[in-house]
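Given next are the chains, with one letter for each unit.
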Amino acid sequence: MIIVNRLGYNSLKVPLSQDEEHFHIVLQRDTNTILNEVNVVANKKVVRVKPGGIEYDMRYSPIQSGEMINALRFVPLLDVSSKGDVKMVGKQQIAYYVNGRKIRFSGSALDAYLRSLRAEDIKLVEVLTAPDGRFQESLECGVVNIVTKQGEREGLKGTVNARIWKTHYLKGSGDVMLTYDRDKLSAYAVASGFWGSTWQRHWLDYDYRQNGDRRSVHSTYDGKDRNMNVLALLAYELTDYSSLTGQIYATYRPNRQEQYGNDYYYLQDGVGLAANIRNRNETKQTENRSGVTAEYVNSFGRPNTQLKLVVDYYYGNIRQKQEARMDSVFGDGTTRQHEYFTDFAPQKSHVWSGQGRYTFPVGAKSVVTVNGAGYYSKIDNDDRHSVWQGEAEGYVEDEMLSHNLKVREWGVSADAELTGTWNSHLRTVLGYRQNYRNYRSHMVNADARYEHGYWQPEVYASMVYMVNNNHVLTYQGGYSETAPSFDAMNPFRWYSSSSSYYVGNPALSPSKNVYSNFYYQFLQKYMVGVSYGYTGDGIENYQYVAEDGMVVSSPANILTSHRIYAFLNGGGLGYANNRGNVGFTAGLYGNLLNMCYPDGVYEKKSFWQGILRINHFFNLWPEQQLQMVNNGSYYSKMRYGLWEEPQRLELYTEIQKQIGNWTIGLSGFVVAYVVDKKFSFEGHRRYRTPALYIDNAVRGESYGYTLKVSYTFGNQKVKNLQKTQSSNNLIKTRLK
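Residues numbered from 1 in each chain as written. Predicted model: local features only at pLDDT ≥ 70, side-chain atom pairs only at ≥ 80, totals over all residues. Heavy atoms only, no water.

Trainee: Lay out the sheet that holds strand 11 (residues 141-148) with the relevant residues and their values.
Mentor: In spatial order, the strands read 4-5-10-11-8-9; together these six strands make up an open sheet with mixed pairing. The open sheet has two free edges, formed respectively by strand 4 (47-50) and strand 9 (101-102), since each of these has just one partner strand. Across six bridges, strand 10 (residues 122-128) lies against strand 11 in antiparallel orientation. Bridging from a neighbouring strand, V127 pairs with V144 of strand 11. (Pairing = 2+ DSSP bridges. Helix = DSSP H or I, 4+ residues; strand = E, 2+ residues; numbered from the N terminus.)

Next comes the structure, spelled out in structure tokens:
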């Protein structure tokens, strides 16, 4: 008799017989095996460095089940807060892709979708600080591409997730995800819902030190957010090397935001109350967004060759109503109407886009990718502003503050990229992209029209040099120009009151951006990096008083910015026979801003902030599949010009238990500040000059706890299962 053992499968006893020449052995997977116990992290390369960024192999992540957000905590170049917000090193924006397809959700809808993704379904995570030609994103935007395990199991399977948590209010979310694989057909669908809220209390105190006046603003922000989202994808393999994919998505989001409080004005002696203004501002918004995407891919059966064609349509319908009221409150409790208005702003948008990309080899060591894309968008915005004219008259439309704006925008882009793998040590990428954007706008009520076009060149280069398996060097650099938005260029007046307005600047030029990143990975577990970014002719708004006494706000090319970020990251640091795993990031971020206003005034600002983040995983009880995830982040005091923000500490803990197909998790978070050398749940943002002192205190949702439940169901049969057979004599020979 022989005993066959394989990690992750049940043992099999096979009796030996002289009469049998072959054995047919089929092993069944052991569903009780916990991969977290396997000592593989120290021997496998979890992070693979590539020219545009990194690839994180989820097979060796300490998080093998549960929400994908927890797994992202251990991915280098990403910073996940205690509340699950994700940021990327050196980037202000992140575009999310799943299997190379862009996720069109945003805001809380995007958060709900990301939480529906399970760590056990993810193959790897690409983090690109310099996106390559596969992604139509600007160089200022980072890309997170989530690659799922596809086609590994046939039939239907799914996951149901439910999540309920408490901060100030009780909140919740839930989703159902289904996948189906059969022969050449693959289907995926997810439906998610979210009901949440945001609650904050603000205290804003002004001390005018020159004349002794004081002002105090007390307000409460109360927001309710709901959304329902659907995404479905159907893929069919036309041949062994070509496929056709269709995707539809839709989101419905009604939300309400309310802010109310009092504005107090004190006498110079600080004792008497000069005025008390009570205010209330309520905004109701309903969003309907949907779209459809079709994709064709063909590799022609040749290596390093691919043709990809994509067409996309997006529709958005946003309806917003804002109601605001300000009343004077007198000492005897009586009130007098100060200001009362409503603003109704419906907006409809249509966007059609298409992309074609072809990749082919040039010689034995290089690959070329050429890309062409274009889009056309149509946006109609009809803003109706009404003011209350008296007890009898009611609302009357204010034509000066009402705007009917139509915007038409189109753009095309073409780019080429050369990837060279010159030897086993060196790989390079060189790319150039040229974009053209054209705006046409029409303000109907003023019968004013405007049109402008911009060229936006981008050039980038990256290199990876592997000294050996333990030492890898990466460099990324690029230059780009960013065109102003259409509202910044429109020479139309947008009145915010009877004495102030905003006007665009048609003389704006594109901002110039340069970035340079250097990363060094050593001992397969550590990475040190330095990132530098420069922006010239940056666009910022400034205010001035016109000759007619109106207060005017207008954009101008007045900003120069130098940004630097240095960090040290370590991951996959196992202990206690790899039951425990630790990762950390220590970083320093700085920004130097120079403002040169049109009136000749020069302003210089800078801020620095230190960051320390530690991620920890521990398998508490392997036999019972009980595990724990911890995250702690520290942010030092930050000074921005004359403003100062306090030190901040964030802590997150989750305990997760797996029972058969069920997964149950309980988590909690705390956000605390160090104010005047004391811990506080209030964050104070302060401004100090000899003439003015401002203290802006914010309190709200600094701690909370969450209950998560997940259930997985469906067919567990392995796709394309193959039997292995060996002769009886061969087995006996191997056993000797």
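That was the structure; now back to the text.
Trainee: Run through the nonpolar core, naming residues and quoting values.
Mentor: Judged by nonpolar contacts, the single largest core of 56 residues is most densely connected at L72, Y113 and L114. Apart from residues no more than four positions distant in its own chain, L72 is found in contact with L78, V80, V86 and V125. Membership of the second largest hydrophobic core comes to 13 residues, among which are I379, Y439, A488 and M489. (Core = buried A, V, L, I, M, F, W, Y, C linked by side-chain atoms within 4.5 Å. Buried < 20%, exposed > 50% of the residue type's maximum accessible area, 1.4 Å probe, protein only. Contact = heavy atoms within 4.5 Å.)

Trainee: Could you give an account of the side chain of E137, naming the residues involved and the relevant values?
Mentor: Here E137 shows up in the loop between strand 10 and strand 11. Taking relative accessible area as the criterion, E137 reaches 9% and is therefore assigned buried. Side-chain polar atoms of E137 contact the side chain of K102, separated by 2.9 Å. Excluding its chain neighbours within four sequence positions, the residues that come into contact with E137 are A95, Y97, K102, V143, R433 and E458. (Polar contact = N/O pair within 3.5 Å; in protein donor to acceptor, adjacent residues only side chain to side chain.)

Trainee: An account of helix 2 (residues 107-116) is requested, with residue identities and associated values reported.
Mentor: The element helix 2 is extensively covered by neighbouring structure, given that eight of its 10 residues are classed as buried. Of all the positions in helix 2, only S108, A109, L110, A112, Y113, L114, R115 and S116 are classed as buried.

Trainee: Summarise the environment of L307; cite the residues concerned and give the values.
Mentor: Tracing the backbone shows L307 in strand 18 (residues 306-329). Taking the C-alpha atoms as reference, L307 lies 9.9 Å from V370; in sequence the two are 63 residues apart. Leaving out residues up to four positions away in the same chain, L307 has contacts with Y296, V297, N298, F300, R357 and Y358.

Trainee: Would you mind going over the environment of G583 in detail, with residue names and values included?
Mentor: Within the element layout of this structure, G583 appears in strand 31 (residues 580-596). Distance in space between the C-alpha atoms of G583 and N569 is 7.5 Å, their sequence separation being 14 residues.

Trainee: So what about the packing of aromatic side chains? Which residues, and what values?
Mentor: Across all of its chains, the model carries 23 aromatic pairs by this definition. Geometrically, the ring pair formed by Y206 and Y208 is stacked, given 6.2 Å between the ring centres and 10° between the ring planes. The class for Y206 is buried, based on a relative accessible area of 18%. On the accessibility criterion, Y208 (32% relative accessible area) is partly exposed. The interplanar angle of 50° and the centroid separation of 5.8 Å between the aromatic rings of Y589 and F607 together place this pair among those described as tilted. Note that Y589 is positioned in strand 31 and F607 in strand 32 (residues 602-621), a separation of 18 residues in sequence. The class of Y589 is buried, set by a relative accessible area of 18%. Classification of F607 by relative accessible area gives buried; the value is 10%. (Phe/Tyr/Trp six-rings, centres within 6.5 Å; stacked < 30°, edge-to-face > 60°.)

Trainee: Explain the confidence of the model for the protein chain to me, and be specific about the residues and the numbers.
Mentor: On average, residues of the protein chain score 84 in pLDDT, and 89% of them are at 70 or above. Considering only residues more than four positions removed or in separate chains, one finds that residues 18-23, a stretch of pLDDT under 50, has 18 contacts. (pLDDT = per-residue confidence, 0-100.)

Trainee: Describe in detail a nonpolar patch on the surface, supporting the description with residues and values.
Mentor: Together, I164, L170, I659, W662, I664, L666 and L707 line one region of the surface with nonpolar side chains, adding up to about 660 Å² of accessible area. Broken down by element, the residue count for the nonpolar patch peaks at three residues, all from strand 37 (residues 662-675). With respect to the helices and strands, the residue L707 is situated in strand 41 (residues 703-714). (Patch = residues over 30% accessible without salt bridge, like charges linked within 9 Å, V, L, I, M, F, W, Y side chains within 5 Å. Areas by Shrake-Rupley, 256 points an atom, 1.4 Å probe, with all protein chains shown as cover. Salt bridge = Lys/Arg side-chain N within 4 Å of Asp/Glu carboxyl O.)

Trainee: Outline the pattern of salt bridges, supporting the account with residue identities and numerical values.
Mentor: Considering all chains together, one arrives at 43 salt bridges under this definition. The closest approach of N and O atoms between R688 and E644, which form a salt bridge, is 4.0 Å. Of the two residues, R688 sits in strand 39 (residues 682-688) while E644 sits in strand 35 (residues 643-645), which places them 44 residues apart along the sequence. Using a relative accessible area of 40% as the deciding quantity, one classes R688 as partly exposed. Its relative accessible area of 18% is what places E644 among the buried residues.

Trainee: Explain unusual backbone geometry residue by residue, including any values.
Mentor: The backbone of D183 sits at a positive phi, close to 55°, despite the residue not being glycine. Here D183 is to be found in the loop between strand 13 (170-182) and strand 14 (185-208). Since its relative accessible area comes to 61%, D183 is described here as exposed. Within the chain, N577 stands out as a residue other than glycine whose phi angle is a positive 55°. Along the chain, N577 falls in the loop between strand 30 (551-575) and strand 31. Classification of N577 by relative accessible area gives exposed; the value is 71%.

Trainee: Mind laying out the pairing of strand 36 (residues 647-659), listing which residues take part and the relevant values?
Mentor: With 10 bridges joining them, strand 33 (residues 626-635) and strand 36 adopt antiparallel strand pairing. Bridging across to strand 36, N631 finds its partner in Y652. With 13 bridges connecting them, strand 36 and strand 37 associate as antiparallel partners. Along strand 37, the bridge assignment pairs I655 with L666. As consecutive antiparallel partners, strand 36 and strand 37 are separated by two residues, and within that stretch G660 has a phi angle of approximately 60°, a positive value.

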